[in-house]
Amino acid sequence: MGAHLTYDLIVIGAGPGGYVCAIRAAQLGMKAAVVEKRKTLGGTCLNIGCIPSKALLYASEMFEEAGHGLGALGVVVAPPKLDLGSMMKHKDDTVAANVNGVAFLFKKNKIDWVTGEGWIAAPGKVVVKGEDGNEKILEAKAIVIATGSDVARLPGVEIDEKTVVSSTGALSLPEVPKKLIVVGAGVIGLELGSVWRRLGAEVTVVEFLDRILPGMDGEVAKQFQRMLEKQGFAFHLAHKLAKVEKAGGGLKATIEPATGGDAKTVDADVVLVAIGRRAYTENLGLEALGVAMDRGMVVVDKHFATNVPGVYAIGDVIRGPLLAHKAEDEGVALAEILAGQAGHVNYDAIPSVVYTSPEIAAVGKTEDDLKADGVAYKVGKFPFTANGRARAMRHTEGFVKILADTATDRVLGAHIVGFGAGEMIHEAVVLMEFGGSAEDLARTCHAHPTMSEAMKEAALAVDKRAIHV
Ligand SMILES: Cc1cc2nc3c(=O)[nH]c(=O)nc-3n(C[C@H](O)[C@H](O)[C@H](O)COP(=O)(O)OP(=O)(O)OC[C@H]3O[C@@H](n4cnc5c(N)ncnc54)[C@H](O)[C@@H]3O)c2cc1C
C-alpha cells in the first residue's frame with residue numbers, strides 16, 4: 001500500500017459527469033481527485049462516444065455532399081474519393097485534442113488525476129489499483145461514483161469488435177463494409193449506420209419495436225424513417241436478431257419477428273449491436289458497502305446522495321437519459337450542493353439530438369407523453385420547405401413542431417427535424433427553462449433569413465397565425 005492522500009472530494013470516473021464535477025468543486029475551493037482507469041480523461045463521451053462519432057458524422061456528410069449535393073449548387077467536383085485512413089485520423093486527432101483539453105483543465109484547477117481502477121473500501125476511503133498492481137489509498141468526506149455505462153450485449157451474440165461490433169468497433173472499422181446490419185434503431189445505431197451508409201455500405205436496421213427512435217415523438221420518428229429509407233436504409237421493424245454465424249467470408253444473421261413467426265436470414269460483412277447501454281458498476285465494492293441499486297443503476301435522492309453517507313452518484317450510472325450534458329449538469333449541481341449551494345438539474349428541459357442528416361432535436365414532452373398524462377395541448381407546426389434560408393441551402397427537409405398547454409400557452413415540448421436542428425433546439429430549451437409561452441417565442445424577433453425563423457413560425461402556428469404557410 002502507498003501513501004494516504006486526503007481530499008475534500010474523490011470522483012471515480014473521468015467522463016463528462018466526473019470531470020465536470022471535479023472542475024466545479026475546484027472552482028468552489030475544494031481539493032478534488034479524479035480516479036480513471038482509462039489512459040485518457042473524458043470517459044465514454046470524449047474517447048468512444050459523442051466526440052469521435054460526431055467527427056465521423058461530419059466527415060462522412062462532407063463526403064456525401066461532395067458526391068451528390070454540391071452539383072445542384074453549381075459546384076462541380078470530380079467524383080470524390082474516400083481516404084478512410086485520413087478520415088479516421090481526423091477522428092483520432094479530434095479525440096486527442098478534447099482529452100488533452102481536459103488534462104489541461106485539471107492542471108489549471110489543481111485537480112489530481114489518479115490513474116487506475118478505483119473501488120470504495122469504506123465510506124470516505126477509495127483504493128486505487130494502478131496498472132503496475134500498486135495500490136494507493138485516497139480519503140475524502142465525499143466520494144462520487146461517476147463510472148458511466150457500458151455497451152449492452154445480446155445474449156448469444158459475441159462481440160469481437162472486428163465483424164460483430166459495438167459502437168466502439170464501429171468507430172474504427174478498417175474498411176467500409178459492403179453490407180452492414182445495425183441491430184437497434186436508437187440514436188447510436190442510426191448515427192453510426194448513417195456514417196457507413198454515406199461511405200458506401202448497404203445498411204439494414206433490425207429493431208425489436210415497431211418504430212425507430214423509441215422515446216422520441218412518434219410523428220418525428222415516422223417521417224424520419226421515410227427520410228432514411230430515401231437515403232437507402234432498409235428497416236426490419238418488430239424483428240429481433242436471433243443469431244449471427246460466420247458464412248463464407250462474411251456473416252449470416254438470422255432475424256425473427258418479435259412476436260413469433262418465420263425467421264429470415266440477412267447477409268452482412270459487419271453486424272453492429274447497438275441495443276443500448278447499461279450502468280457500469282462492476283468491481284466498485286458497492287455490494288459490500290450496501291449501496292442501494294435498482295435494475296443495475298445506483299439509486300440516489302434528488303441531491304445525488306446514495307443511501308450510504310458520503311457516497312454520491314451522477315451521470316449514466318443513475319436514472320435518467322444517457323446523455324453527456326445531463327451528466328455534466330449533474331456534476332455541477334452535486335459540486336454546488338457539496339459546497340452548501342442550491343445545485344439543481346431541471347430534468348424537464350434536457351435537450352436530445354440525433355446527429356444524422358437531417359438532424360433531429362427535441363426537448364420536453366412528446367405528443368404521446370401529453371396524451372398519456374391527459375394534458376390538453378395545442379400543436380404549432382412549420383415546414384422547412386416554406387423557409388427561405390432552407391431553400392437557399394437546399395435543406396428543406398423536415399419541420400418544427402411546438403407543443404403548448406391549451407390552458408396556459410406554456411411550451412411543453414419542441415421537436416425539430418431539419419438541418420441544424422441540434423443548434424436550433426436551444427432557443428426552446430431557454431424558453432422552457434424560463435417557463436415561456438408559445439406567444440413569447442412568437443413575439444421574439446428572429447433574424448431573416450435563418451432556419452430559426454421556423455421556430456418562430458411554429459410558435460405562431462400554435463394559434464394558427466403563421467405568416468409563411
Ligand atoms: C457511440 C456513442 C455516441 C454518443 N453520442 C452522444 C452524443 O452525441 N451526445 C450525448 O449527450 N451523449 C452521447 N453519448 C452518451 C455519452 O457518451 C454518455 O451519456 C456520457 O459519456 C456519460 O457520462 P458519464 O460521466 O456518466 O460516464 P462515462 O463517460 O461513461 O465515463 C465513465 C468513466 O469511468 C471510468 N471508470 C469506470 N469504472 C471505473 C473504476 N472502477 N475506476 C476508475 N475509472 C472507472 C470509465 O473508464 C469511464 O472513463 C454517446 C455514447 C456513445 C457510446
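Residues numbered from 1 in each chain as written. Predicted model: local features only at pLDDT ≥ 70, side-chain atom pairs only at ≥ 80, totals over all residues. Heavy atoms only, no water.

A. Highlighting the sheet that holds strand β12 (residues 239-247). Spatially, β12-β13-β14 is the arrangement adopted by the three strands of the open sheet, whose pairing is antiparallel. Edge positions in the sheet fall to β12 and β14 (264-268), since each has one partner strand and no second. Each adjacent strand pair in this sheet contributes to an overall mean axis angle of 25°, direction not counted. (Pairing = 2+ DSSP bridges. Helix = DSSP H or I, 4+ residues; strand = E, 2+ residues; numbered from the N terminus. Axes fitted to C-alpha atoms, helices over the stretch in contact; angles between N-to-C directions.)

B. Local environment of the packing of helix α3 (residues 50-69) against helix α6 (residues 187-198). At their nearest, the axes of α3 and α6 sit 9 Å apart, and the two run at 35° to each other. Note that α3 runs across α6; the crossing there is left-handed. In contact with S53, K54, L56, L57, S60, E61, F63 and E64 of α3, α6 contributes E191, L192, S194, V195, R197 and R198. Looking at the contact of α3 with α6, its residues break down into five nonpolar, three polar and six charged. (Left-handed = near helix turned anticlockwise from the far one by under 90°. Contact = heavy atoms within 4.5 Å. Nonpolar A, V, L, I, M, F, W, Y, C, P; charged D, E, K, R; others polar.)

C. How the structure looks around the site of the ligand. The environment of the ligand is formed by 39 residues, the closest being G17, E36, T44, K54 and A324. G17 has a polar backbone atom sitting 2.9 Å from an oxygen atom of the ligand. Between an oxygen atom of the ligand and a side-chain N or O atom of H325, the distance comes to 3.3 Å. Listing elements by their share of the shell around the ligand, those giving two or more residues are α1 (16-27), β2 (32-36), α2 (43-48), α3, β4 (117-122) and α9 (324-338). When the residues that make up the shell around the ligand are grouped by side-chain class, the tally is 16 nonpolar, 16 polar and seven charged. (Near = heavy atom within 4 Å. Polar contact = N/O pair within 3.5 Å; in protein donor to acceptor, adjacent residues only side chain to side chain.)

D. Region of the structure containing the sheet that holds strand β15 (residues 270-273). Taken together, five strands build an open sheet; the order of strands is β8-β15-β9-β10-β11 and the sheet is parallel. Because the sheet does not close on itself, it has two edges, and the strands there are β8 (164-165) and β11 (234-236).

E. Summary view of the environment of G249. With respect to the secondary-structure elements, G249 resides in the loop between β12 and β13 (250-257). Residue G249 is classed as exposed on the basis of its relative accessible area, which comes to 94%. On a C-alpha basis, the gap between G249 and I48 in space is 28 Å, while along the polypeptide they are 201 residues apart. (Buried < 20%, exposed > 50% of the residue type's maximum accessible area, 1.4 Å probe, protein only.)

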